[in-house]
Amino acid sequence: RGGGAAEPEWLPQSDCVAVGLGSRDFPLDGRQPGWDSASFGYHSDDGQAFHGHGASGRPLGPACSPGDVVGAGYSLLSRRVFFSRNGVFLGAPYVAPAQLMPLYPLVGLDSRAPVEFNFGASPFALDTASLPPSLHRPATSKLSRVTSLEAAVRSALAFVGPAGGPAGW
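Since the model is a prediction, treat every value here as computed from it, not as a measurement. (Residues numbered from 1 in each chain as written. Predicted model: local features only at pLDDT ≥ 70, side-chain atom pairs only at ≥ 80, totals over all residues. Heavy atoms only, no water.)

Give me the lowdown on the overall build of the chain, citing residues and values where you can.
Tallying secondary structure elements over the chain gives 1 helix and 10 strands in all. Ordered by position from the N terminus, the helices and strands of the chain form the series β-β-β-β-β-β-β-β-β-β-α. The proportion of buried residues among the 169 residues of the chain is 37%. Taking all contacts inside the chain whose residues are at least 6 apart in sequence as the whole, residues at least 24 apart take part in 55%. Accessible area for the chain stands at about 9,500 Å²; split by element, carbon and sulfur atoms hold 54% of it. (Helix = DSSP H or I, 4+ residues; strand = E, 2+ residues; numbered from the N terminus. Buried < 20%, exposed > 50% of the residue type's maximum accessible area, 1.4 Å probe, protein only. Contact = heavy atoms within 4.5 Å. Areas by Shrake-Rupley, 256 points an atom, 1.4 Å probe, with all protein chains shown as cover.)

Given below as structure tokens:
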């Protein structure tokens, strides 16, 4: 099924280590993974996943502790970005847009703590064979399942909502 994965391990209890994935457009200085539209990140200080900005993340797991192993990966089939902690799948909160592919491993360090990386030279803490099959199913939208023009228009209006069209639609 393929994809990418990386698992850094760190030791400190304070500061922030952000583990994630990003496109080649991600700036390598001044940003944590997930703080812009070119990257996705899981942050050790609050256990939240980020994409698009650093103002608010999605709760995904607990804050990390010394010795935790956090993984980031994605499915080549669905482009779903997933995270793990200590070998446990935490979820796939984002689907990467096609224009961001391929994704590369990223680690943002707001810490002076030592960090170890595993890019596949050793077995990952997360058994990738145990990932849920739904991770690899392509994301679908309401519009992708319609077959006629009339159904597409009605589906689009239902998706946008009644405020977007004339009365009675």
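That shown, we press on.
Would you mind going over the packing of aromatic side chains in detail, with residue names and values included?
This model, assessed by the stated rule, comprises 4 aromatic pairs. Between phenylalanine 82 and phenylalanine 89, the ring centres sit 6.1 Å apart and the planes meet at 45°, which makes this aromatic pair tilted. (Phe/Tyr/Trp six-rings, centres within 6.5 Å; stacked < 30°, edge-to-face > 60°.)

Pulling in residues and values, what's your account of the pattern of salt bridges?
Per the counting criterion, the structure on display carries 2 salt bridges. In this structure, aspartate 36 engages arginine 31 in a salt bridge whose closest nitrogen and oxygen atoms are separated by 3.2 Å. On the accessibility criterion, aspartate 36 (9% relative accessible area) is buried. According to the relative accessible area criterion, arginine 31 is partly exposed, its value standing at 43%. The residue aspartate 68 makes a salt bridge to arginine 85 at a minimum N-O spacing of 2.8 Å. Of the two residues, aspartate 68 is situated in the loop between strand E5 (58-59) and strand E6 (70-75) and arginine 85 in strand E7 (residues 80-85); the sequence distance between them amounts to 17 residues. Accessibility assignment for this pair places aspartate 68 and arginine 85 in one class, buried. (Salt bridge = Lys/Arg side-chain N within 4 Å of Asp/Glu carboxyl O.)

Could you give me a rundown of the nonpolar core, with the residues and numbers involved?
Ranked by internal contacts, the top residues of the largest apolar core, which has 19 residues, are Leu21, Phe40, Tyr42, Val81, Phe83 and Leu103. Within the residue set of this core, elements represented by two or more residues are strand E2 (16-22), strand E3 (39-43), E6 and E7. What leucine 21 contacts, discounting residues up to four positions off in sequence, is Ala38, Ser39, Phe40, Ala72, Gly73, Tyr74, Val81, Leu103, Tyr104, Pro105 and Leu106. (Core = buried A, V, L, I, M, F, W, Y, C linked by side-chain atoms within 4.5 Å.)

For the sheet that holds E2, give the residues involved together with the corresponding values.
Here 5 strands make up an open sheet; going across it, the order is E5-E4-E3-E2-E9 and the pairing antiparallel. On the outer flanks of this sheet lie E5 and strand E9 (104-110), each paired with one strand and no other. Alignment of E2 against E3, held across 5 bridges, turns out to be antiparallel. By the bridge assignment, leucine 21 is partnered in E3 with phenylalanine 40. (Pairing = 2+ DSSP bridges.)

Outline the state of the cysteines, listing residues and values.
This structure, assessed with the given rule, holds 0 disulfides. We note that cysteine 16 lacks a disulfide partner, and the nearest cysteine sulfur, in cysteine 64, lies 8.8 Å from it. We classify cysteine 64 as buried; its relative accessible area is 7%. (Disulfide = S-S within 2.5 Å.)

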